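# Structure assessment
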Amino acid sequence: MPHDPYRALYLHLPFCVRRCGYCDFATSAVPGDAPEIDAYVEDLCLQLRRKAKEGELGALETVYVGGGTPSHIGLARLSMLLYTLSLSMHLTPEVECTMEANPESLTERMVRDVWALGVNRLSIGVQSFDDEVLAVLGRAHSADDARRAIEAAHTRFENVSVDLMCGIPGQSAGSFEASVREAAALGAAHVSVYPLAIEAHTPFDAAVLAGELEEPDDDVEAAHMEIAARVLAEAGYERYEVASYARPGFACRHNIAYWTGAPYLGLGRSAATMTQNAERRMRVQDGQVTDDLDARGMAAEDLMLGMRMTCGVSDEQVEAAAVLLPGAPAALAELEGEGLVEHAGGRWRPTDRGWLCGNELYGRLFDLA
(Lines give C-alpha, C1' and ligand atoms only; values in the text may rest on other atoms or scores of the structure.)
Protein backbone atom coordinates (compact mmCIF):
# COMPACT_ATOMS: atom_id res chain seq x y z
CA MET A 1 0.00 0.00 0.00
CA PRO A 2 1.25 3.57 -0.58
CA HIS A 3 2.19 4.76 2.90
CA ASP A 4 3.01 8.01 4.68
CA PRO A 5 6.77 8.70 4.81
CA TYR A 6 8.73 7.19 7.70
CA ARG A 7 9.59 9.80 10.34
CA ALA A 8 11.64 7.58 12.68
CA LEU A 9 14.29 4.89 12.06
CA TYR A 10 15.28 2.16 14.52
CA LEU A 11 18.46 0.11 13.97
CA HIS A 12 18.76 -3.05 16.11
CA LEU A 13 22.16 -4.42 17.17
CA PRO A 14 21.33 -7.66 19.02
CA PHE A 15 24.67 -8.29 20.74
CA CYS A 16 25.70 -7.98 24.41
CA VAL A 17 28.72 -8.85 26.53
CA ARG A 18 26.31 -10.98 28.61
CA ARG A 19 22.55 -11.44 28.81
CA CYS A 20 20.92 -10.02 31.93
CA GLY A 21 18.67 -12.41 33.85
CA TYR A 22 15.54 -10.31 33.24
CA CYS A 23 16.04 -9.68 29.50
CA ASP A 24 13.65 -11.09 26.88
CA PHE A 25 14.84 -8.91 23.97
CA ALA A 26 16.17 -10.43 20.75
CA THR A 27 19.81 -10.33 21.86
CA SER A 28 22.66 -12.79 22.32
CA ALA A 29 25.86 -12.69 24.35
CA VAL A 30 28.79 -12.94 21.94
CA PRO A 31 32.46 -11.94 22.26
CA GLY A 32 33.25 -8.49 20.83
CA ASP A 33 35.43 -10.05 18.08
CA ALA A 34 32.81 -12.58 16.86
CA PRO A 35 32.68 -12.77 13.03
CA GLU A 36 28.85 -12.97 13.17
CA ILE A 37 28.83 -9.31 14.30
CA ASP A 38 30.76 -8.30 11.16
CA ALA A 39 28.32 -10.17 8.90
CA TYR A 40 25.33 -8.65 10.69
CA VAL A 41 26.61 -5.05 10.51
CA GLU A 42 27.53 -5.45 6.82
CA ASP A 43 23.99 -6.68 6.13
CA LEU A 44 22.49 -3.77 8.10
CA CYS A 45 24.57 -1.34 5.99
CA LEU A 46 23.28 -2.99 2.79
CA GLN A 47 19.70 -2.64 4.02
CA LEU A 48 20.29 1.05 4.75
CA ARG A 49 21.70 1.67 1.25
CA ARG A 50 18.75 -0.21 -0.29
CA LYS A 51 16.15 1.80 1.68
CA ALA A 52 17.92 5.04 0.72
CA LYS A 53 17.80 4.08 -2.99
CA GLU A 54 14.07 3.32 -2.61
CA GLY A 55 13.58 6.85 -1.25
CA GLU A 56 12.38 5.64 2.17
CA LEU A 57 14.79 7.69 4.33
CA GLY A 58 14.11 11.20 3.04
CA ALA A 59 11.71 12.41 5.76
CA LEU A 60 13.38 10.96 8.87
CA GLU A 61 13.41 13.20 11.95
CA THR A 62 14.84 10.72 14.48
CA VAL A 63 17.20 7.73 14.45
CA TYR A 64 17.68 5.29 17.33
CA VAL A 65 20.53 2.77 17.41
CA GLY A 66 19.46 0.24 20.06
CA GLY A 67 20.00 -3.30 21.13
CA GLY A 68 21.42 -5.29 22.69
CA THR A 69 24.35 -3.05 23.46
CA PRO A 70 25.51 -0.99 20.45
CA SER A 71 28.68 0.09 22.30
CA HIS A 72 29.63 -3.62 22.67
CA ILE A 73 30.25 -4.06 18.93
CA GLY A 74 33.26 -1.71 19.04
CA LEU A 75 34.27 1.46 17.31
CA ALA A 76 35.28 0.11 13.87
CA ARG A 77 31.87 -1.45 13.25
CA LEU A 78 29.95 1.46 14.75
CA SER A 79 31.92 3.83 12.50
CA MET A 80 31.04 1.79 9.42
CA LEU A 81 27.35 1.74 10.37
CA LEU A 82 27.16 5.45 11.22
CA TYR A 83 29.13 6.42 8.10
CA THR A 84 26.70 4.39 5.95
CA LEU A 85 23.82 6.07 7.77
CA SER A 86 25.21 9.53 7.03
CA LEU A 87 25.57 8.64 3.32
CA SER A 88 22.03 7.21 3.23
CA MET A 89 20.10 10.13 4.76
CA HIS A 90 20.39 13.78 5.74
CA LEU A 91 21.96 13.24 9.18
CA THR A 92 21.84 16.95 10.00
CA PRO A 93 22.06 18.32 13.57
CA GLU A 94 18.25 18.76 13.44
CA VAL A 95 17.84 14.97 13.29
CA GLU A 96 17.82 13.45 16.79
CA CYS A 97 20.25 10.52 16.56
CA THR A 98 20.40 8.38 19.72
CA MET A 99 22.81 5.53 20.45
CA GLU A 100 22.42 3.17 23.39
CA ALA A 101 25.53 2.28 25.37
CA ASN A 102 26.41 0.32 28.49
CA PRO A 103 29.00 1.58 30.98
CA GLU A 104 31.42 -1.33 30.56
CA SER A 105 31.92 -0.68 26.83
CA LEU A 106 31.62 3.12 26.51
CA THR A 107 35.04 4.78 26.28
CA GLU A 108 35.97 8.43 25.89
CA ARG A 109 37.37 7.67 22.44
CA MET A 110 34.07 6.05 21.37
CA VAL A 111 32.20 9.10 22.68
CA ARG A 112 34.40 11.41 20.57
CA ASP A 113 34.09 9.33 17.40
CA VAL A 114 30.34 8.62 17.41
CA TRP A 115 29.74 12.31 18.13
CA ALA A 116 31.86 13.22 15.08
CA LEU A 117 29.82 10.74 12.98
CA GLY A 118 26.48 12.38 13.77
CA VAL A 119 25.17 10.80 17.00
CA ASN A 120 23.84 13.66 19.20
CA ARG A 121 22.15 11.76 22.05
CA LEU A 122 23.55 8.95 24.22
CA SER A 123 21.33 6.65 26.28
CA ILE A 124 23.27 4.81 28.98
CA GLY A 125 21.90 1.64 30.59
CA VAL A 126 22.85 2.24 34.22
CA GLN A 127 19.84 0.59 36.01
CA SER A 128 21.26 1.38 39.49
CA PHE A 129 24.17 3.09 41.24
CA ASP A 130 24.08 0.39 43.95
CA ASP A 131 26.58 -2.46 43.39
CA GLU A 132 24.45 -4.99 45.32
CA VAL A 133 21.43 -4.24 43.12
CA LEU A 134 23.58 -4.45 39.97
CA ALA A 135 24.76 -7.90 41.14
CA VAL A 136 21.13 -9.09 41.52
CA LEU A 137 20.44 -7.92 37.95
CA GLY A 138 23.59 -9.60 36.65
CA ARG A 139 24.86 -6.40 35.05
CA ALA A 140 28.39 -6.40 33.59
CA HIS A 141 29.31 -3.02 35.14
CA SER A 142 29.79 -1.51 38.59
CA ALA A 143 28.37 1.75 39.94
CA ASP A 144 31.80 3.35 39.44
CA ASP A 145 31.85 2.19 35.80
CA ALA A 146 28.49 3.93 35.36
CA ARG A 147 29.79 7.19 36.88
CA ARG A 148 32.86 7.08 34.61
CA ALA A 149 30.71 6.39 31.52
CA ILE A 150 28.44 9.37 32.21
CA GLU A 151 31.48 11.57 32.77
CA ALA A 152 32.99 10.34 29.47
CA ALA A 153 29.68 10.98 27.66
CA HIS A 154 29.67 14.57 28.88
CA THR A 155 33.03 15.27 27.20
CA ARG A 156 31.01 15.70 23.96
CA PHE A 157 27.30 15.22 24.63
CA GLU A 158 24.88 17.57 26.35
CA ASN A 159 21.99 15.18 25.63
CA VAL A 160 22.78 12.19 27.88
CA SER A 161 19.98 9.90 29.05
CA VAL A 162 20.24 7.46 31.97
CA ASP A 163 18.05 4.34 32.34
CA LEU A 164 17.17 3.22 35.86
CA MET A 165 15.15 0.24 37.11
CA CYS A 166 12.93 -0.03 40.17
CA GLY A 167 11.10 -2.78 42.04
CA ILE A 168 14.16 -5.04 41.95
CA PRO A 169 14.24 -7.78 44.63
CA GLY A 170 16.36 -6.53 47.55
CA GLN A 171 16.31 -2.91 46.32
CA SER A 172 15.21 -0.63 49.16
CA ALA A 173 13.35 2.63 48.65
CA GLY A 174 16.47 4.37 49.98
CA SER A 175 18.76 2.64 47.46
CA PHE A 176 16.43 3.52 44.58
CA GLU A 177 16.07 7.15 45.69
CA ALA A 178 19.86 7.48 45.97
CA SER A 179 20.22 6.24 42.37
CA VAL A 180 17.65 8.75 41.10
CA ARG A 181 19.40 11.57 42.97
CA GLU A 182 22.76 10.50 41.58
CA ALA A 183 21.51 10.44 37.97
CA ALA A 184 20.31 14.03 38.43
CA ALA A 185 23.52 15.11 40.21
CA LEU A 186 25.64 13.64 37.38
CA GLY A 187 23.87 15.97 34.95
CA ALA A 188 21.67 13.56 32.96
CA ALA A 189 19.45 15.54 30.59
CA HIS A 190 16.91 12.70 30.51
CA VAL A 191 16.04 9.88 32.93
CA SER A 192 13.92 6.80 32.15
CA VAL A 193 12.59 4.70 35.03
CA TYR A 194 11.38 1.17 34.32
CA PRO A 195 9.77 -1.19 36.84
CA LEU A 196 11.29 -4.69 36.70
CA ALA A 197 8.99 -7.07 34.82
CA ILE A 198 9.47 -10.84 35.01
CA GLU A 199 9.18 -12.04 31.41
CA ALA A 200 8.41 -15.66 30.52
CA HIS A 201 11.34 -18.00 29.71
CA THR A 202 14.00 -15.70 31.24
CA PRO A 203 16.40 -16.81 34.02
CA PHE A 204 14.52 -14.47 36.41
CA ASP A 205 11.27 -16.26 35.54
CA ALA A 206 12.87 -19.63 36.37
CA ALA A 207 14.29 -18.23 39.64
CA VAL A 208 10.88 -16.88 40.71
CA LEU A 209 9.21 -20.23 39.91
CA ALA A 210 11.93 -22.05 41.88
CA GLY A 211 11.41 -19.76 44.88
CA GLU A 212 14.97 -18.39 44.60
CA LEU A 213 13.88 -14.84 43.77
CA GLU A 214 11.06 -12.73 45.14
CA GLU A 215 8.45 -11.70 42.60
CA PRO A 216 8.38 -7.90 42.09
CA ASP A 217 5.69 -6.28 44.26
CA ASP A 218 3.27 -3.93 42.44
CA ASP A 219 2.93 -1.72 45.53
CA VAL A 220 6.72 -1.40 45.88
CA GLU A 221 7.05 -0.55 42.18
CA ALA A 222 4.31 2.08 42.48
CA ALA A 223 6.04 3.58 45.55
CA HIS A 224 9.36 3.66 43.68
CA MET A 225 7.74 5.37 40.67
CA GLU A 226 6.35 7.99 43.06
CA ILE A 227 9.82 8.55 44.53
CA ALA A 228 11.21 9.11 41.01
CA ALA A 229 8.41 11.58 40.18
CA ARG A 230 9.03 13.57 43.37
CA VAL A 231 12.84 13.62 43.28
CA LEU A 232 13.08 14.45 39.56
CA ALA A 233 10.41 17.18 39.73
CA GLU A 234 12.37 18.79 42.59
CA ALA A 235 15.52 18.58 40.43
CA GLY A 236 13.86 20.45 37.54
CA TYR A 237 12.88 17.56 35.27
CA GLU A 238 9.51 17.41 33.52
CA ARG A 239 7.70 14.09 33.30
CA TYR A 240 6.53 13.91 29.68
CA GLU A 241 5.69 10.21 29.48
CA VAL A 242 4.75 7.54 32.02
CA ALA A 243 8.37 6.35 32.44
CA SER A 244 10.36 9.32 31.10
CA TYR A 245 11.64 12.58 32.59
CA ALA A 246 13.59 15.32 30.85
CA ARG A 247 15.13 18.67 31.56
CA PRO A 248 13.32 21.34 29.48
CA GLY A 249 14.09 20.82 25.78
CA PHE A 250 15.45 17.26 26.19
CA ALA A 251 12.35 15.06 25.82
CA CYS A 252 13.19 12.14 23.52
CA ARG A 253 11.67 12.90 20.11
CA HIS A 254 12.08 9.28 19.01
CA ASN A 255 9.99 8.05 21.98
CA ILE A 256 7.38 10.72 21.24
CA ALA A 257 7.17 9.52 17.61
CA TYR A 258 6.08 6.09 18.90
CA TRP A 259 3.42 7.59 21.19
CA THR A 260 2.00 9.96 18.57
CA GLY A 261 1.43 7.50 15.72
CA ALA A 262 4.37 8.55 13.51
CA PRO A 263 5.34 5.87 10.94
CA TYR A 264 8.68 4.22 11.72
CA LEU A 265 11.08 1.87 9.96
CA GLY A 266 12.93 -0.85 11.87
CA LEU A 267 16.01 -2.54 10.39
CA GLY A 268 17.80 -5.52 11.93
CA ARG A 269 16.75 -8.76 13.61
CA SER A 270 13.30 -8.47 15.29
CA ALA A 271 13.05 -4.70 14.67
CA ALA A 272 9.43 -3.58 14.14
CA THR A 273 8.25 -1.37 11.26
CA MET A 274 5.00 0.60 11.32
CA THR A 275 3.48 1.74 8.01
CA GLN A 276 0.26 3.66 7.71
CA ASN A 277 -1.97 5.76 5.51
CA ALA A 278 -5.39 7.29 6.23
CA GLU A 279 -7.17 3.88 6.17
CA ARG A 280 -4.75 1.39 7.62
CA ARG A 281 -1.88 0.93 10.08
CA MET A 282 0.31 -2.18 9.98
CA ARG A 283 3.19 -3.35 12.14
CA VAL A 284 5.56 -5.95 10.75
CA GLN A 285 8.33 -7.79 12.61
CA ASP A 286 10.67 -10.31 10.93
CA GLY A 287 8.33 -10.49 7.93
CA GLN A 288 5.26 -11.26 10.07
CA VAL A 289 2.31 -8.86 10.43
CA THR A 290 1.87 -8.30 14.20
CA ASP A 291 -0.82 -5.57 13.97
CA ASP A 292 -3.28 -4.63 11.26
CA LEU A 293 -5.62 -1.78 12.23
CA ASP A 294 -8.36 -0.08 10.24
CA ALA A 295 -9.19 3.61 10.67
CA ARG A 296 -11.30 2.86 13.79
CA GLY A 297 -8.49 0.85 15.35
CA MET A 298 -6.00 3.63 14.57
CA ALA A 299 -8.19 6.27 16.20
CA ALA A 300 -8.59 4.14 19.35
CA GLU A 301 -4.88 3.33 19.47
CA ASP A 302 -3.94 7.01 19.11
CA LEU A 303 -6.17 7.91 22.08
CA MET A 304 -4.61 5.07 24.10
CA LEU A 305 -1.01 5.97 23.19
CA GLY A 306 -1.73 9.65 23.92
CA MET A 307 -2.57 8.65 27.50
CA ARG A 308 1.01 7.42 28.00
CA MET A 309 2.06 11.07 27.73
CA THR A 310 1.63 13.91 30.21
CA CYS A 311 0.09 16.14 27.53
CA GLY A 312 -2.62 13.54 26.80
CA VAL A 313 -4.92 14.22 23.83
CA SER A 314 -6.57 17.43 22.65
CA ASP A 315 -10.31 18.08 22.41
CA GLU A 316 -9.81 18.34 18.62
CA GLN A 317 -8.26 14.86 18.51
CA VAL A 318 -11.14 13.44 20.59
CA GLU A 319 -13.70 15.14 18.29
CA ALA A 320 -11.99 13.70 15.22
CA ALA A 321 -11.84 10.24 16.84
CA ALA A 322 -15.54 10.45 17.81
CA VAL A 323 -16.52 10.52 14.11
CA LEU A 324 -15.26 6.91 13.94
CA LEU A 325 -15.70 6.04 17.63
CA PRO A 326 -18.98 7.61 18.84
CA GLY A 327 -18.38 6.19 22.34
CA ALA A 328 -15.08 8.07 22.89
CA PRO A 329 -16.39 11.20 24.67
CA ALA A 330 -18.57 9.11 27.04
CA ALA A 331 -15.67 6.74 27.78
CA LEU A 332 -13.40 9.65 28.68
CA ALA A 333 -16.12 11.15 30.91
CA GLU A 334 -16.44 7.78 32.69
CA LEU A 335 -12.68 7.51 33.12
CA GLU A 336 -12.71 11.05 34.54
CA GLY A 337 -15.39 9.98 37.04
CA GLU A 338 -13.11 7.13 38.13
CA GLY A 339 -10.15 9.49 38.59
CA LEU A 340 -8.08 7.95 35.78
CA VAL A 341 -8.08 11.02 33.51
CA GLU A 342 -8.73 14.74 33.95
CA HIS A 343 -9.92 17.44 31.56
CA ALA A 344 -8.37 20.91 31.63
CA GLY A 345 -7.23 23.56 29.15
CA GLY A 346 -8.77 21.82 26.14
CA ARG A 347 -6.96 18.52 26.78
CA TRP A 348 -7.68 15.12 28.33
CA ARG A 349 -4.71 13.99 30.42
CA PRO A 350 -3.92 10.86 32.45
CA THR A 351 -3.83 11.31 36.24
CA ASP A 352 -1.11 9.68 38.36
CA ARG A 353 -3.73 7.10 39.33
CA GLY A 354 -4.47 6.55 35.64
CA TRP A 355 -0.82 5.73 35.06
CA LEU A 356 -0.68 3.38 38.05
CA CYS A 357 -3.80 1.62 36.68
CA GLY A 358 -2.46 1.91 33.14
CA ASN A 359 -3.75 -1.44 31.88
CA GLU A 360 -7.31 -0.44 32.76
CA LEU A 361 -6.98 3.05 31.24
CA TYR A 362 -5.32 1.89 28.02
CA GLY A 363 -7.60 -1.15 27.69
CA ARG A 364 -10.81 0.88 27.98
CA LEU A 365 -9.69 3.28 25.23
CA PHE A 366 -8.42 0.57 22.89
CA ASP A 367 -11.67 -1.39 23.36
CA LEU A 368 -13.57 1.53 21.76
CA ALA A 369 -12.66 0.05 18.37
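A brief structural summary. (Residues numbered from 1 in each chain as written. Predicted model: local features only at pLDDT ≥ 70, side-chain atom pairs only at ≥ 80, totals over all residues. Heavy atoms only, no water.)

## Some details on the overall build of the chain
Along its length, the chain carries 14 helices and 17 strands. Over its C-alpha trace the chain gives a radius of gyration of 21 Å, about what one expects of a compact globule, namely 21 Å for 369 residues. Principal axes of the C-alpha set define a box for the chain whose edges measure 55 × 55 × 40 Å. Within the chain, counting contacts between residues at least 6 apart in sequence, those at least 24 apart form 68% of the total. With an accessible surface of roughly 16100 Å², the chain has 52% of that area assigned to carbon and sulfur atoms. (Helix = DSSP H or I, 4+ residues; strand = E, 2+ residues; numbered from the N terminus. Rg over C-alpha atoms; globule rule 2.2 N^0.38 Å. Contact = heavy atoms within 4.5 Å. Areas by Shrake-Rupley, 256 points an atom, 1.4 Å probe, with all protein chains shown as cover.)

## Points about the packing of helix H10 (residues 295–306) against helix H11 (residues 315–324)
Where H10 contacts H11, the two axes come as close as 9 Å, and the packing angle between them is 150 degrees. In terms of axis orientation, H10 runs roughly antiparallel to H11. Judged by the twist between their axes, the crossing of H10 over H11 is left-handed. The residues of H11 that touch H10, namely those facing Ala295, Arg296, Ala299, Asp302 and Leu303, are Gln317, Val318, Ala321 and Leu324. (Axes fitted to C-alpha atoms, helices over the stretch in contact; angles between N-to-C directions. Parallel < 35°, antiparallel > 145°, perpendicular 65-115°, else oblique. Left-handed = near helix turned anticlockwise from the far one by under 90°.)

## Focus: the pattern of salt bridges
All chains considered together, the criterion is met by 18 salt bridges. Within the structure, one salt-bridge network assembled from shared partners comprises Arg281, Arg283, Asp291, Glu301 and Asp302. (Salt bridge = Lys/Arg side-chain N within 4 Å of Asp/Glu carboxyl O.)

## Things to note about a negative patch on the surface
A cluster of acidic side chains, namely Glu214, Glu215, Asp217, Asp218 and Asp219, defines a negative patch on the protein surface. With respect to the helices and strands, Asp217 occurs in the loop between helix H7 (203–209) and helix H8 (218–234). For Asp217, a relative accessible area of 39% puts it in the partly exposed group. (Patch = residues over 30% accessible without salt bridge, like charges linked within 9 Å, V, L, I, M, F, W, Y side chains within 5 Å. Lys, Arg positive; Asp, Glu negative; His and termini not counted. Charge placed at Lys NZ, Arg CZ, Asp CG, Glu CD. Buried < 20%, exposed > 50% of the residue type's maximum accessible area, 1.4 Å probe, protein only.)

## A short note on the packing of aromatic side chains
By the definition in use, this model includes four aromatic pairs. On the basis of an interplanar angle of 75 degrees and a centroid distance of 5.1 Å, the ring pair of Trp115 and Phe157 is categorised as edge-to-face. Taken together, the residues Trp115 in helix H3 (residues 108–116) and Phe157 in the loop between helix H5 (143–153) and strand E7 (160–166) connect sequence positions 42 residues apart. Relative to Tyr264, the ring of Tyr258 has its centre 4.7 Å away and its plane inclined at 90 degrees; by these criteria the two rings are edge-to-face. When its relative accessible area of 24% is taken as the criterion, Tyr258 is described as partly exposed. When the ring centre of Trp259 is taken as origin, the NZ or CZ atom of Arg308, which lies over that ring, is 4.1 Å away. (Phe/Tyr/Trp six-rings, centres within 6.5 Å; stacked < 30°, edge-to-face > 60°. Lys NZ or Arg CZ within 6 Å of the ring centre and 35° of its normal.)

## Examining the sheet that holds strand E16 (residues 341–344)
Taking strand neighbours across the sheet as the criterion, the three strands line up as E15-E17-E16 in an open arrangement whose pairing is antiparallel. If you trace the sheet from one side to the other, it starts and ends with strand E15 (313–314) and E16, each paired once. Across two bridges, the pairing between E15 and strand E17 (residues 347–350) is antiparallel. Of the residues in E17, the one forming a bridge with Ser314 is Arg347. (Pairing = 2+ DSSP bridges.)

Keep in mind these values describe shape, not function.
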